[in-house]
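# Inside the fold
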Amino acid sequence: MTEKADAHRALFKKFGIAFMKKDVDTVGECLSPDFEWSLPDGRTFVGKQASLDAMRERFADPDGPQFSDSNFDYHGDTIVQTYRVKAALADGSIREVAGTDVYQVKGGLICRKDAYWKQLA
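Here we summarise the structure given alongside this text. No experiment lies behind these values; they were computed from the predicted model shown.

What counts, and at which threshold
Residues numbered from 1 in each chain as written. Predicted model: local features only at pLDDT ≥ 70, side-chain atom pairs only at ≥ 80, totals over all residues. Heavy atoms only, no water. Core = buried A, V, L, I, M, F, W, Y, C linked by side-chain atoms within 4.5 Å. Buried < 20%, exposed > 50% of the residue type's maximum accessible area, 1.4 Å probe, protein only. Helix = DSSP H or I, 4+ residues; strand = E, 2+ residues; numbered from the N terminus. Expected span 1.5 Å × (residues − 1). Arc of directions from axis to C-beta. Pairing = 2+ DSSP bridges. Axes fitted to C-alpha atoms, helices over the stretch in contact; angles between N-to-C directions. Contact = heavy atoms within 4.5 Å. 1 Å grid on protein atoms, 1.4 Å probe; cavity = no way out; pocket = protein on both sides within 12 Å on 5 of 7 lines; lining within 4 Å. Points joined across faces, edges and corners; volume = space filled by probe spheres on them. Nonpolar A, V, L, I, M, F, W, Y, C, P; charged D, E, K, R; others polar.

Attention now goes to the nonpolar core. Phe12, Phe15, Val27, Leu31, Trp37, Met55 and Ile110 are the most contacted members of the largest nonpolar core, which totals 21 residues. If you list the elements that add at least two residues to this core, you get α1 (3–20), α2 (24–29), β1 (31–38), α3 (48–60) and β5 (94–106). Per-element accounting of this core gives the leading share, five residues, to α1. Core analysis: the next-biggest nonpolar cluster, separate from the first, contains six residues, Tyr83, Ala87, Val97 and Trp117 among them.

In this section: α3. Taking 1.5 Å of rise per residue, the 13 residues of α3 would be expected to cover 18 Å, and the 18 Å separating its terminal C-alpha atoms lies within 8% of that figure. Burial in α3 covers these residues: Ser51, Leu52, Ala54, Met55, Arg58 and Phe59. Down the axis of α3, the smallest arc covering the buried residues is 160°, so these residues share one side. Exposed side of α3, more than 90 degrees from the buried face: Glu57 and Ala60 are the residues found there.

Strand pairing within a sheet occurs via backbone hydrogen bonds; the two strands may be parallel or antiparallel. If you trace the six strands from one edge of the open sheet to the other, you get β2-β1-β6-β5-β4-β3, paired in mixed fashion. Whereas interior strands pair on both sides, the edge strands pair on one side only; in this sheet they are β2 (44–46) and β3 (66–75). Each strand axis lies, on average, 15° off the axis of its neighbour in the sheet, ignoring direction. One ladder, built from eight bridges, connects β3 with strand β4 (residues 78–88); its direction is antiparallel. Pairing of Asp73 across the sheet is with Val80, part of β4. Packed on one face of the sheet, α1 meets β1, β3, β4, β5 and β6 (109–117) and runs near 170° to β3. Together, β1, β2, β3 and β6 form the strand contacts of α3, whose direction differs from that of β1 by roughly 55°.

We now examine the layout of surface pockets. The rolling of a water-molecule-sized probe over the atoms marks out the regions of remaining empty space. If you add up the space inside the largest pocket, you get close to 520 Å³. Those elements that place two or more of their residues in the lining of the largest pocket are α3 and β4. For the lining of the largest pocket, the element with the highest residue contribution is α3, accounting for three residues. Among the residues making up the lining of the largest pocket, the classes are represented as twelve nonpolar, two polar and seven charged. Approximately 220 Å³ is the volume found for the second largest pocket. Along its surface, the second largest pocket is lined by 20 residues, and Phe19, Phe67, Gln81, Tyr83 and Asp101 are the ones closest to its centre. Elements that contribute at least two residues to the lining of the second largest pocket include exactly α1, β3, β4, β5 and β6. Take the lining of the second largest pocket: its biggest share by element is five residues, from β3. Taken together, the residues of the lining of the second largest pocket sort by class into twelve nonpolar, four polar and four charged.

Encoded structure:
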């Protein structure tokens, strides 16, 4: 394994643990200032602060998405995460779906996260 691959694995270990603990401050240490986060519903947050604010709001919602079975695959500066997610639908029912996030790393920090879920309608 290369130094770069080791660094990416360490970065995503730190990011993943912080995200699951809802530790927004530590998540922020993993993100570049120009970080962009695209959600499955079409919203995109541009900039680290806007993304962290959205995470704080999501984490504060007791009915927010719940993630499990996360796995990361490393392909240079592109990292692909697969997982399961449970989310409440508009009618109050709960649905569990598969999710995939595609991340880009630049300068040792995460600069982009594109999230894709199976349709939750």
